[in-house]
Amino acid sequence: MIPYSPIRMRATSELTDSRILVANLIEQNGGDPKAVDDLLAGLDGPQEPDVASGTCFALGALRDLRGVPFLKSATTRGETEIVRAAVEALARIAGPEALEALQGVAAHPEAEVRTDLLLALDLRGDGGPTGIVRRLALSDPAPAVRSQAAQQVARSPAHDAVPVLIEIL
C-alpha cells in the first residue's frame, strides 16, 4: 500500500494497492508478457476482498486478455466490491472474451453492479441497442437500470435505436 494514485499518477493522502500503479506503468511502457502470471502467482486460494479487488484493478490496468479468466471468476464472487472491480477491469480489456465475461453480470442481484455493467459496455463501445443493453432496457427489475439502458440505446444511430425504443415503449 502506497500513498499514490494509480490512475492520476500523483501523490495522494489515501493508501492504494501498489500493484495497480505498477500495472499502469507496465501497460504504459508497452506491457510485459509475464506481468499477468506474476500478478496472479500465489492467489490460488481465497483472498481478502481488498486483495481480490486490487488484483482486478491491476489486471484491468494491464489490459491483457490473459487476465480475463480470473476476472470472469471474480464476477461470480459474493462480495459486491469484488464484482464491481472485475466489471471495471473487464471494461478496459478489448476482445470478445472480456465481453463474454461481462454477459453473466447482467443477472447480478445488485442494481449497482448492473449499472456498472452498463457503464463498462459504454466505455468498451459495446453499449449499443443489441445484446446486454437491450435486455437490461427491456426487462431489468430496477427502474433506474432500465432507464439508464434506454438512454444508452437512444445514443445509438437512429436506424438501430428506434426499433428497440419502440419495443421499450
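Further up the page is the structure itself.
Residues numbered from 1 in each chain as written. Predicted model: local features only at pLDDT ≥ 70, side-chain atom pairs only at ≥ 80, totals over all residues. Heavy atoms only, no water.

1. A short note on the pattern of salt bridges
For the coordinates displayed, the defined rule picks out 9 salt bridges. When the shortest N-O distance is used, the salt bridge between aspartate 116 and arginine 84 registers 2.4 Å. Placement of the pair is aspartate 116 in helix α7 (residues 111–124) and arginine 84 in helix α5 (residues 80–91), with a sequence separation of 32 residues. In this structure, aspartate 122 engages arginine 155 in a salt bridge whose closest nitrogen and oxygen atoms are separated by 3.0 Å. In this pair, aspartate 122 sits in helix α7 while arginine 155 sits in the loop between α9 (143–154) and α10 (158–168), placing the two residues 33 residues apart along the sequence. When salt bridges with common partners are traced through the structure, they connect Arg84, Glu112 and Asp116 into a single cluster. (Salt bridge = Lys/Arg side-chain N within 4 Å of Asp/Glu carboxyl O. Helix = DSSP H or I, 4+ residues; strand = E, 2+ residues; numbered from the N terminus.)

2. Quick word on the side chain of serine 53
Tracing the chain through its elements places serine 53 in helix α3 (residues 49–62). Setting aside anything within four residues of it in sequence, one finds serine 53 in contact with Glu81, Ile82 and Ala85. (Contact = heavy atoms within 4.5 Å.)

3. Points about the packing of helix α6 (residues 96–103) against α7
It is at 11 Å that the axes of α6 and α7 come closest, and there the two elements cross at 165 degrees. The angle between α6 and α7 falls in the class roughly antiparallel. When the axes of α6 and α7 are compared, the crossing they make is left-handed. Facing α6, whose interface residues are Ala98, Leu99 and Leu102, α7 presents Leu117, Leu121 and Arg124. Here the residues of the contact of α6 with α7 are counted per class, giving 5 nonpolar, no polar and 1 charged. (Axes fitted to C-alpha atoms, helices over the stretch in contact; angles between N-to-C directions. Parallel < 35°, antiparallel > 145°, perpendicular 65-115°, else oblique. Left-handed = near helix turned anticlockwise from the far one by under 90°. Nonpolar A, V, L, I, M, F, W, Y, C, P; charged D, E, K, R; others polar.)

4. What about the side chain of histidine 108?
Secondary-structure assignment places histidine 108 in the loop between α6 and α7. The exposure class assigned to histidine 108 is buried, which follows from its relative accessible area of 11%. From its side chain, histidine 108 meets the backbone nitrogen of glutamate 110 in a polar contact 3.0 Å long. If we ignore the near neighbours within four places in the chain, the residues touching histidine 108 are Thr75, Val83, Val113 and Arg114. (Buried < 20%, exposed > 50% of the residue type's maximum accessible area, 1.4 Å probe, protein only. Polar contact = N/O pair within 3.5 Å; in protein donor to acceptor, adjacent residues only side chain to side chain.)

5. Observations concerning the packing of α7 against α9
Interhelical geometry of α7 versus α9 gives an angle of 10 degrees and a closest axis separation of 10 Å. As summarised for this structure, α7 and α9 are arranged roughly parallel, according to the angle between their axes. Along its contact with α7, which presents Ala111, Arg114, Thr115, Leu118, Leu119 and Asp122, the element α9 presents Val145, Gln148, Ala149 and Gln152. For the contact of α7 with α9, a count of residues per class yields 5 nonpolar, 3 polar and 2 charged.

6. With respect to the environment of proline 49
Tracing the backbone through its elements, the reader meets proline 49 in helix α3. Overall, proline 49 belongs to the partly exposed group, its relative accessible area being 24%. It is 9.9 Å that separates the C-alpha atoms of proline 49 and glycine 78, two residues lying 29 residues apart in sequence. Dropping the residues within four chain positions of it, proline 49 is found in contact with Glu79, Glu81 and Ile82.

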